[in-house]
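Next come the chains, spelled out residue by residue.
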Protein chains: 2
Amino acid sequence: MNIVAPGIWKIKFGEPEDYTPVKMVKHEDRLELLSQLPHSDEAPIETDRILYKSTKRGFVLELPLDDCEKIYGFGLQLKSFNQTGRKKHLRTNADPVADTGDTHAPVPFYVSTKGYGVLVDTARYVSFYCGSSRKLRTAKTSKDDANKTVANNVRDLYAVRDMDTAGVMTIEIPHASGVEIYLFAGPDMRTAVQRYNLFSGGGCLPPLWGLGNWYRSYTGADAEDVLALAEKIRAADLPCDVFGVEPGWQSQKYSCSYTWHKENFSAPEEFIGKMRDMHLNINLWEHVFVHPTSPIYDELKQYSGDYEVWNGLVPDLSIQDAKKTFAEYHRKALVEKGIAGFKLDECDSSDYTGGWSFPNCAEFPSGLDGELMHSLLGMFYQDTLLSIYREKNIRTYGQVRSSHALAASFPYVLYSDLYDHKDFIRGLVNSGFSGILWNPEVRQCSSVEDLVRRIQLSVLSPQSCINAWMIPNPPWLQYDYDKNLRGEILENYTEVQDLCRKFLELRMSLIPYLYSSFARYRFEGLPPFRALVMEYPEDENTYGIDDQYMMGDSLMIAPVIAGQMGREVYLPEGDWYYFWSDKKFEGSKTYNINAALDEIPIFVKAGTLLPLAKPVQYVTPDTSFEITVKCYGYNCRNFTLFEDDGTTFDYEKGIYNEVKLSFNTEGGFEAVRTGNYLGIKFKISGFEVVE
Amino acid sequence: MNIVAPGIWKIKFGEPEDYTPVKMVKHEDRLELLSQLPHSDEAPIETDRILYKSTKRGFVLELPLDDCEKIYGFGLQLKSFNQTGRKKHLRTNADPVADTGDTHAPVPFYVSTKGYGVLVDTARYVSFYCGSSRKLRTAKTSKDDANKTVANNVRDLYAVRDMDTAGVMTIEIPHASGVEIYLFAGPDMRTAVQRYNLFSGGGCLPPLWGLGNWYRSYTGADAEDVLALAEKIRAADLPCDVFGVEPGWQSQKYSCSYTWHKENFSAPEEFIGKMRDMHLNINLWEHVFVHPTSPIYDELKQYSGDYEVWNGLVPDLSIQDAKKTFAEYHRKALVEKGIAGFKLDECDSSDYTGGWSFPNCAEFPSGLDGELMHSLLGMFYQDTLLSIYREKNIRTYGQVRSSHALAASFPYVLYSDLYDHKDFIRGLVNSGFSGILWNPEVRQCSSVEDLVRRIQLSVLSPQSCINAWMIPNPPWLQYDYDKNLRGEILENYTEVQDLCRKFLELRMSLIPYLYSSFARYRFEGLPPFRALVMEYPEDENTYGIDDQYMMGDSLMIAPVIAGQMGREVYLPEGDWYYFWSDKKFEGSKTYNINAALDEIPIFVKAGTLLPLAKPVQYVTPDTSFEITVKCYGYNCRNFTLFEDDGTTFDYEKGIYNEVKLSFNTEGGFEAVRTGNYLGIKFKISGFEVVE
């Protein structure tokens, strides 16, 4: 057992593999930041109670588990939340419709309400039996046990599912002869997660514009169509910072050429220039499979796996030369022409049902096999594209459909072709356990109500995104797919557009607050979006809440989905204020909250100083946000706004400010700016008290 | 390469495992029957083109695949049919909601339209890439390839899914250092399947009563309730042969005690006697996990795996002493009291989402690990219970929720907690490729229409079964779950009951035809339920048809689901007669067929002699069916009725008759009985010509 950093222990069992996340995913060392977290010198679980064995199938670990502790995590789990008593077989999968453990981001990291986290450093399809499997009792069965029936039938079985934990977390790593695990101490679950995120290099800090609204345009659009759409959105005063351009921009899509389509995007630099004039950042769709006509095909062939995908290469981006070839081309051909970022599609082993992606038995020049590459491909891909921007000292923010352990520092947000609204909320709630970000994007909608409810969730997520790749007109003009294609516009479209604008503007108001929450992700490892149980691990009422979440420290969001007139909301201890009415609620209670379509339930924690900006249409390097600070109740906690240029990595050299909002000893409100960044992004222009 | 039997080749690669289906699943040798199938001396695929390698993950095989051949099989696949261009990761799973390969019966056997079958003799979670993954082309990319785009976006991608097969079937067997495969020659796909089924011991032959209608009663019912229900069903003249008794009969259910509930079934022998007086065979629900209070717990403990399930033992039934203990108890306590069969629930690794079942890393005294046991548990369980009946020389027919390779001879029918009607049809269509039987049971229904449509499918399946375990009243009295529980009976229940009776009686009419089809399953390996592509492998129109099937040689069924007024039906070459109207249709065409609720589309192949019995209420050892033979068109093919006592294995000693229906040289209809069974089960009492 090694101490890796204060509060982090590494334990080695058997002969671990060479290709693991810790060994292969490069990130900055954050030892200094790690040292600032509270810690004790005692490992958070009794390590001498950990059992292990090597078998023909792989390597098995058994970690002790208390009857009362609850387990969360395992990456982007869309179908379940509290994993206690469940099994998870983690496997990269683009189509994770069942709650088996298949996911876009199978992160082998879990946290416990007892206040610790465990990272199993493997890129294998590892299995976790979270207290679900009890070893055969060797002792004489007690009379109590003998008379116990688990259930009378399967209905009852489901009801008792979580009752009977087996006192052990069994972990099986296939094909391995050993493994290293990392224990992350608390004292609480939240601190354990912070420690894990700092160990991962600290959370990402998106550029300020990345926190604005995104719009992904119709895949059938050519340059003119995209420009016309952008003009319309500007004309309608719908705040927008990023335009996503879907497969249509490329000459070859499946697989990818990474070259512009000769007819539809015949003058890319002109197109980029016109978009820039509208202050729109361009994000380009692509995937990692390289078409034979791509300029990098020949060079990458030697560094590719032994199977094709869609007739294209699968480059082994764990090899420096392959990464360099891929990055260099992107730099010259796209980034230096002004492309702000990329959407990294299809890197998630695509779905198990089709012939998409490469087999698990594929071989790569680096020595990775297909299974390992499925786990890590998204990581290598993020790393490769990020390296271009790092080198140029400009930040990017993008999208990716696969991730894994140690991803916190990658400025890429996960998304999915799945679309159940409740699953999308659950994804957001779960993401905070695992150092990943989740984009509950808005695509097709079944009604105006559905559209608005989904936008409400999206604007209160890491990436506010309308993904209209399937429809030529924005969904507020027509949510119905067929009618949209036919160009039939809603009669009441101005009303719908106004409603959508309200929430797109809410997003813009929250940028300073959100940016500062991301700064804490970066410097303290604290995820900006978190489950309630992470904040209130002592409160058993939060253990099952998978449809409410904290956004930053002060806002609790309880999204409503179409068809609901309102919903039950649990408020943890302390007082809370309803954002829209400033009405005060007492905590430790459950309320029935009615939320009309023009409201999404947001509760502000009493004692909050909330910076709210006057919404702008877009964020430029010169944008300065005019901020009114709302003070909820008395004895307000300080709030620190993080301020820098919003676009470079200069903050890593210490070039940033902290704007500390607080009450001075005389009870007067103060905003004190310290630091060495010379600009002013956040101008405090008002102050308001809510009682 | 060994020749195992005429037309069957075994090829060994590397060092195969010890625990495989062929090595562990015992069945009778059918060499004599196998010799009767047509065969050539040439292996059906070029074996020198098979590549193999051992890797850290396991063992990989590559078999050649033609561009034009189509692949089917892999056990009970509910979500897909033509597997060409798809991946299947076969894994035992009780909740296979996604098309990943998870299934109740992951049979590692596939067949090709080229006319051969391949069994991969492994109990591992084996992966098949069915032409879905192309090896990297080492040759210079051709200009054609270079200009080829697979798709423009994911919508288009789905459309081209099957277009581009990669010329190779890649098979990965995890954890193994070698494997044996068995090639089954045609000349056609149907013959290859016959050969596989005979290699598996030949198909099962259910007792005659097993082909009647089944009713599984309410789990909350006590003995009196069950008897009262049975009386009602008899009083309403609804044909019924088997009553299933659900968990409530046992004193402990999850896990199982295998002892009667002291209060609710206080006089089991009296109960069994009264059911027998009503000519009802009793089938008891149970699963394999042994409760501490069970009389066999102590004895089985030494033969059990190292994990519990629901506080119970997991007996290792691959060990003779364990099998004997389990079987002996069942024989004395239940079978010899008159129990006709069992429903073997929960043996399918239960769902991956919960803590049900044991982990893959479990260890069993025989040396099997959890993965292998998950694959084979259902097989051992079927074998164990069947052994009791074999020893007593009486046949049984039951239900099981997990199966695997070489299962054809086990008289157990698979079922599932899934319920999508289309999936249920697809399951039936797929089952014929893999030596398994499928029960599309009727449970809850959303409407009278849904109820009737589901019964129509069920009566035209291997096991006609109403599984009313959740409702106290039969579904024709009330399909709605809540109302059924409250005892609110449908106003038009007599009408609904009449409609249901029509199809339950149809089942009874078809018993002689179906029994004879099962006899061919037994003696020729020909599955009684088959996909159209198995009959017409040259007809490309059949390659995707997953919602029509052959029942025996002469009937083609095209089920209708609720919400449809009718459907498209493809009729292969030759003429066909619509069963209900005798209307003639020309083949090689697709028709829109309207089917009112009192009809399910059944088409009779021209040239058929169809024996239809006068429906009886139940089948006893003395029952003699009165049969009218319908002759569809001219030049009718002979039909052979198989006739024996219907209840014992005496037919294996040759004690049976064949009743050959044919036209003699003068054009007169004849029924000629040959054989040494002395009874008469099938009395030909009428003859009718349809032109």
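Position numbers for residues count from 1 along each chain, tracking the sequence in the order it is written. Here chains are named by letter from A upward and ligands by number from 1 upward, in the order in which they appear as written. Restriction of local features to residues with pLDDT of at least 70 applies here, the model being predicted, together with a cutoff of 80 or more for giving and counting side-chain atom pairs; totals for whole chains, interfaces and linings are based on all residues. Side-chain calculation: all heavy atoms of the structure are included, whereas hydrogens and water are not.

Student: Would you mind showing me how to read the environment of A:N93 here?
Tutor: All names here are of chain A. A helix here means a DSSP run of H or I that spans at least four residues, while a strand means a run of E at least two residues long, and both kinds are numbered starting from the N terminus. Relative to the helices and strands, N93 is located in the loop between β7 (91–92) and β8 (102–103). Each C-alpha atom, one on N93 and one on C347, is 9.4 Å from the other, the two residues being 254 residues apart in sequence. Here a polar contact means two N or O atoms within 3.5 Å. Within protein one must be a hydrogen donor candidate and the other an acceptor candidate, and residues neighboring in sequence count only if both atoms are side-chain atoms. Engagement of the side chain of N93 in a polar contact is seen with the backbone nitrogen of D95, the distance being 2.8 Å.

Student: How should the packing of aromatic side chains be read in this particular structure?
Tutor: Where two aromatic rings form a pair, the distance of their centres and the angle of their planes describe that pair. Pairing of aromatic side chains here covers Phe, Tyr and the six-membered ring of Trp, requires ring centres within 6.5 Å, and sorts the geometry by plane angle: under 30 degrees stacked, over 60 edge-to-face, intermediate tilted. In total, this model carries 100 aromatic pairs over all chains according to the counting rule given. Residues A:F74 and A:Y110 carry aromatic rings whose centres are separated by 5.7 Å and whose planes lie at 40° to one another, so their mutual orientation is tilted. Here the residue A:F74 occupies a position in the loop between β5 (71–73) and β6 (87–89), and A:Y110 occupies one in strand β9 (residues 109–112), the gap between them amounting to 36 residues. As far as the burial class goes, A:F74 and A:Y110 line up, both buried. One aromatic cluster in this structure is built from A:Y515, A:F523, A:F625, A:F642, A:F649, A:Y651, A:Y656 and A:F682. Over the face of the ring belonging to A:F523 we find A:R522, whose NZ or CZ atom lies 4.9 Å from the ring centre. The ring of B:F649 carries B:R390 above its face, with NZ or CZ at 4.1 Å from the centroid. Accessible area is worked out with a 1.4 Å probe on protein chains only. A residue is then buried under 20% of its type maximum, exposed over 50%, and partly exposed in between. We call a charge positioned above a ring when the Lys NZ or Arg CZ atom is no farther than 6 Å from the ring centre and deviates by at most 35 degrees from the ring normal.

Student: What's the story with the environment of B:R401 in this structure? I'm lost.
Tutor: All names here are of chain B. Assignment of secondary structure puts R401 in the loop between β20 (398–400) and β21 (412–414). Note: C-alpha distance between R401 and Y543 (142 residues apart in sequence) is 28 Å. Excluding its chain neighbours within four sequence positions, the residues that come into contact with R401 are A94, H104, L344, D345, E346, C347, D348, S350, L414, Y415 and D417. Contacts: residue pairs with any heavy atoms within 4.5 Å of one another.

Student: I tried to follow the sheet that holds strand β4 (residues 58–64) of chain A on my own but got confused; where do I start?
Tutor: Paired through their backbone hydrogen bonds, the strands of a sheet run either parallel or antiparallel. Residue and element names in this part refer to chain A. If DSSP finds at least two bridges between two strands, the strands pair. Taken together, the 5 strands give an open sheet; going across it, the order is β3-β4-β13-β11-β6, and neighbouring strands pair in antiparallel fashion. Whereas interior strands pair on both sides, the edge strands pair on one side only; in this sheet they are β3 (51–54) and β6. Mean inter-strand twist for the sheet, computed between neighbouring axes without regard to direction, equals 10°. With axes taken as lines fitted to C-alpha atoms, and helix axes fitted only over the stretch in contact, angles between N-to-C directions fall between 0 and 180 degrees.

Student: Explain the sheet that holds β5(A) here, please?
Tutor: Residue and element names in this part refer to chain A. Taken in spatial order, the 6 strands make up an open sheet running β1-β2-β14-β10-β9-β5, and their pairing is antiparallel. If you trace the sheet from one side to the other, it starts and ends with β1 (2–5) and β5, each paired once. Mean inter-strand twist for the sheet, computed between neighbouring axes without regard to direction, equals 25°. In terms of strand pairing, β5 meets β9 through 3 bridges, oriented antiparallel. Within β9, the residue paired with I71 across the bridge is S112.

Student: Whenever I open this one, the nonpolar core confuses me. Can you help?
Tutor: The term nonpolar core refers to a set of buried residues drawn from Ala, Val, Leu, Ile, Met, Phe, Trp, Tyr and Cys, joined through side-chain atoms within 4.5 Å. The biggest cluster of nonpolar side chains holds 193 residues, and the ones touching the most others in it are A:F271 and A:W476. Those residues within four positions of A:W476 in sequence are excluded, and the remaining contacts are A:Y215, A:I233, A:L238, A:L451, A:I455, A:I466, A:L490, A:Y493, A:V496, A:Q497, A:C500 and A:L504. Core analysis: the next-biggest nonpolar cluster, separate from the first, contains 192 residues, B:A221, B:L229, B:M379 and B:L506 among them.

Student: Which parts of the structure should I look at to understand the pattern of salt bridges?
Tutor: For side chains bearing opposite charge, pairing can occur when the charged atoms are close. The rule for a salt bridge is simple: a side-chain nitrogen of Lys or Arg has to be within 4 Å of a carboxyl oxygen of Asp or Glu. All told, the structure shown has 104 salt bridges over all chains when counted by the stated rule. The partner of A:K79 in a salt bridge is A:D423, with the nearest N and O atoms 2.6 Å apart. Here A:K79, found in the loop between β5 and β6, pairs with A:D423, found in helix α11 (residues 421–431); they are 344 residues apart in sequence, far enough to count as distant. The exposure class assigned to A:K79 is partly exposed, which follows from its relative accessible area of 30%. One salt-bridge network, in which partners are shared between bridges, spans A:E17, A:R124, A:D369, A:E371, B:K56, B:R57 and B:E172.

Student: How should helix α6 (residues 223–235) of chain A be read in this particular structure?
Tutor: Residue and element names in this part refer to chain A. Expected helix span is taken as 1.5 Å per residue step, with the number of steps being one fewer than the number of residues. In a regular helix each residue adds 1.5 Å, so 13 residues correspond to 18 Å; α6 covers 18 Å between its end C-alpha atoms and thus fits that length. Of all the positions in α6, only A223, V226, L227, L229, A230, I233 and R234 are classed as buried. The arc that holds the buried residues of α6, viewed along the axis, is 160°, so those residues lie on one side. Away from its buried face, by an angle of more than 90 degrees, α6 presents the exposed residues E224 and A235. Taken together, the buried residues of α6 touch β15 (213–216), β16 (242–245) and α7 (268–277). The arc in question is the one spanned by the directions pointing from the helix axis to the C-beta atoms.

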